[in-house]
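Below are the chains, spelled out letter by letter.
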Amino acid sequence: MILTVTMNPAYDMTYRVERFERGQAHRVRSVEQRIGGKGINVTRVLNQLGKYARATGFSDHAFAAAAELELPVDFVHALPWVRRTVVISESEDGTATALLEPGARVSNPHAAQQLRTRVSGLLPDINGLVIAGSLPGGVDPALPAEIARLAVEHGVSTLCDIDGEALRLTAQVPGVVLMLNREELRRLTGQQPCDAQEVVAAVWPLIENGTRAVIANRCVEGMVAVTASGAWSALLNESVAGNPTGADDSAAAAVIAALSEKSAPDWPAILSDAVATAAAAVVIPVAGEIDRCLRTRVAPNVVVEKLALPQPSSGED
C-alpha cells in the first residue's frame, strides 16, 4: 500500500471557457467540482496505475465524507472548513489560470500528534509515502519533515512535494526523495539553473547531504533526476497541449509507484515514466486523472540522456 498525506486539501473547481480575458464577462462552457489537493491527486493517479493507495491528512467532516465515497481515506478532522482552488481552463489553446485559496487554520490543538500517530500506525503496512501540498495555518512547518523521518527510519520510500520552510526542513532528512518545480528549486538552492546540467550542480549539495534523489520539473524542457549514483534528463519528443494543473502530481505518482517496488530503482526508467505520466495528465481538463492510452503511446517518445555528476573536490588549495 502507498499512503499519501495532504494537510491542506481543497475542493477543485474547473471552469472551462473559450478564451479568458481579464476584466471581461465570460460564458462558462462547463464546470466541474471534485475533492482535491496534491496528495489526493496522487492517490487517484496511483489507483489508475494499479497501485492501492490510501489518503490521510487534515480535513473537515464534510470533505472526509465526500472523499470516502471515492477513495480509501483516513483523515484527521482538524479543519473548520476546506478551501477551494479555481482553475480557468481555456479551450482555445489550453492555457490554465489558477486561483488558490490559502485555506482555514487548523482548529484542533492535537491535530499534529494525531496525524503523526495515524501515519506511524500505518507504516508497517505501507511501502511508499507521499507528502504533498501546502500547509494550513497553525501547522508547524517541521511536521512534514518529522513524518518523513519516521517513514524513512522504517525503510519506507518517501517522496515529498512541498514548498517553503517545510521544504527546507524536509530537505535535511536523509533518504527522502524531493520533487521540485522551477520556483521551489530556486528558493531551496538559491540558484536559477538555465539547463539540465546546471540543475545537477544546483541540487548536488542536497545529494551530498543525504537526500536520496531530487527530481526537478522543468516544464516543457522535461525533467531532471539526480541521485548519488547518477543524473539524467528526460524530455518528451512531441508537444502535448492541455491543462498542466496536476501534471506534477501525476509524475509524483509514477515515481512513488516505482519506488514502492522491492527491486532496486531504475532511475532512467522511472524518470521516463514520470514524463510520460505527466503528459498523460495534461490532456485531461481536471487534476488527478490521466489518459492511460496516451501514456502508453508517448512513452517510447521520451528521450533520456545521462548527465555528468560534479567532480569531487580534491581538497587542495
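None of the values given here were measured: they were computed from a predicted structure. (Residues numbered from 1 in each chain as written. Predicted model: local features only at pLDDT ≥ 70, side-chain atom pairs only at ≥ 80, totals over all residues. Heavy atoms only, no water.)

## Focus: helix H4 (residues 143-153)
Of all the positions in H4, only Leu-143, Pro-144, Ala-145, Ile-147, Ala-148 and Ala-151 are classed as buried. Next to the buried residues of H4 lie strand S4 (53-59), helix H3 (111-122), strand S8 (128-132), strand S9 (157-161) and helix H5 (164-170). One or two positions beyond H4, positive phi appears at Gly-155, with a value near 75°. (Buried < 20%, exposed > 50% of the residue type's maximum accessible area, 1.4 Å probe, protein only. Helix = DSSP H or I, 4+ residues; strand = E, 2+ residues; numbered from the N terminus. Contact = heavy atoms within 4.5 Å.)

## Some words on the pairing of strand S6 (residues 83-90)
For S6, a buried count of 7 out of 8 residues is recorded, marking the element as mostly surrounded by other parts of the structure. The pairing of strand S2 (residues 10-17) with S6 spans 8 bridges and is classified as parallel. Pairing of Tyr-11 across the sheet is with Arg-84, part of S6. The sheet contact formed by S6 and strand S7 (residues 96-100) spans 5 bridges and is antiparallel. Counted as the bridge partner of Thr-85 is Leu-100 from S7. Counting the residues that bridge the hairpin from S6 to S7 gives 5 residues, and of these Gly-94 lies at a positive phi of roughly 85°. (Pairing = 2+ DSSP bridges.)

## Examining the sheet that holds strand S13 (residues 231-236)
Pairing is mixed across the open sheet formed by 10 strands, whose spatial order is S5-S4-S1-S8-S9-S10-S11-S12-S13-S14. The open sheet has two free edges, formed respectively by strand S5 (73-77) and strand S14 (302-307), since each of these has just one partner strand. If you compare each strand with its neighbour and ignore which way they point, the axes differ by 15° on average. Against the sheet, H3 engages strand S1 (2-6), S4 and S5, with an angle of about 170° to S4. Strand contacts of helix H8 (residues 247-259): S1, S8, S9, strand S10 (177-180), strand S11 (213-217) and strand S12 (223-227), with the helix running at about 170° to S9, the strand carrying the most contacts. (Axes fitted to C-alpha atoms, helices over the stretch in contact; angles between N-to-C directions.)

## Focus on the nonpolar core
Counting 59 residues, the largest nonpolar core has Met-7, Phe-58, Leu-115, Leu-129 and Ile-131 as its most contacted members. Top contributing element to this core by residue count: helix H7 (residues 196-208), with 7 residues. Setting aside residues no more than four positions away along its own chain, Met-7 makes contact with Phe-58, Leu-79, Leu-115, Ile-131, Ser-134, Leu-135, Pro-136, Val-139, Leu-143, Pro-144 and Ile-147. Grouped together as the second largest cluster of nonpolar side chains are 40 residues, Val-42, Leu-236, Ile-256 and Leu-294 included. (Core = buried A, V, L, I, M, F, W, Y, C linked by side-chain atoms within 4.5 Å.)

## Section: the pattern of salt bridges
All chains considered together, the criterion is met by 19 salt bridges. Across the pair Arg-29 and Glu-18 runs a salt bridge whose closest N-O atoms are separated by 3.0 Å. Of the two residues, Arg-29 is situated in the loop between S2 and strand S3 (30-36) and Glu-18 in the loop between S2 and S3; the sequence distance between them amounts to 11 residues. Close ionic contact of Glu-183 with Arg-186 constitutes a salt bridge, the shortest N to O distance being 2.7 Å. Taken together, the positions of Glu-183 and Arg-186, both in helix H6 (residues 182-189) and 3 residues apart, correspond to about one turn of that helix. Classification of Glu-183 by relative accessible area gives partly exposed; the value is 36%. Looking at Arg-186, the relative accessible area reads 31%, which means it is partly exposed. Shared partners join several salt bridges into a network, and the residues in it are Arg-16, Glu-32, Arg-34 and Glu-289. (Salt bridge = Lys/Arg side-chain N within 4 Å of Asp/Glu carboxyl O.)

## Some points on the packing of aromatic side chains
Applying the stated criterion across every chain yields a total of 2 aromatic pairs. Measuring from ring centre to ring centre gives 6.0 Å for Phe-63 and Phe-75, while their planes differ by 75°; the resulting arrangement is edge-to-face. Placement of Phe-63 in helix H2 (residues 61-68) and of Phe-75 in strand S5 is noted, with a sequence separation of 12 residues between them. (Phe/Tyr/Trp six-rings, centres within 6.5 Å; stacked < 30°, edge-to-face > 60°.)

## Things to note about the side chain of Asp-60
Tracing the backbone through its elements, the reader meets Asp-60 in the loop between S4 and H2. Despite its burial, Asp-60 pairs with no opposite charge; the closest candidate is Arg-84, at 11 Å N-O. Setting aside residues up to four positions removed in sequence, Asp-60 forms contacts with His-77, Leu-79, Pro-80, Trp-81 and Val-82. (Lys, Arg positive; Asp, Glu negative; His and termini not counted.)

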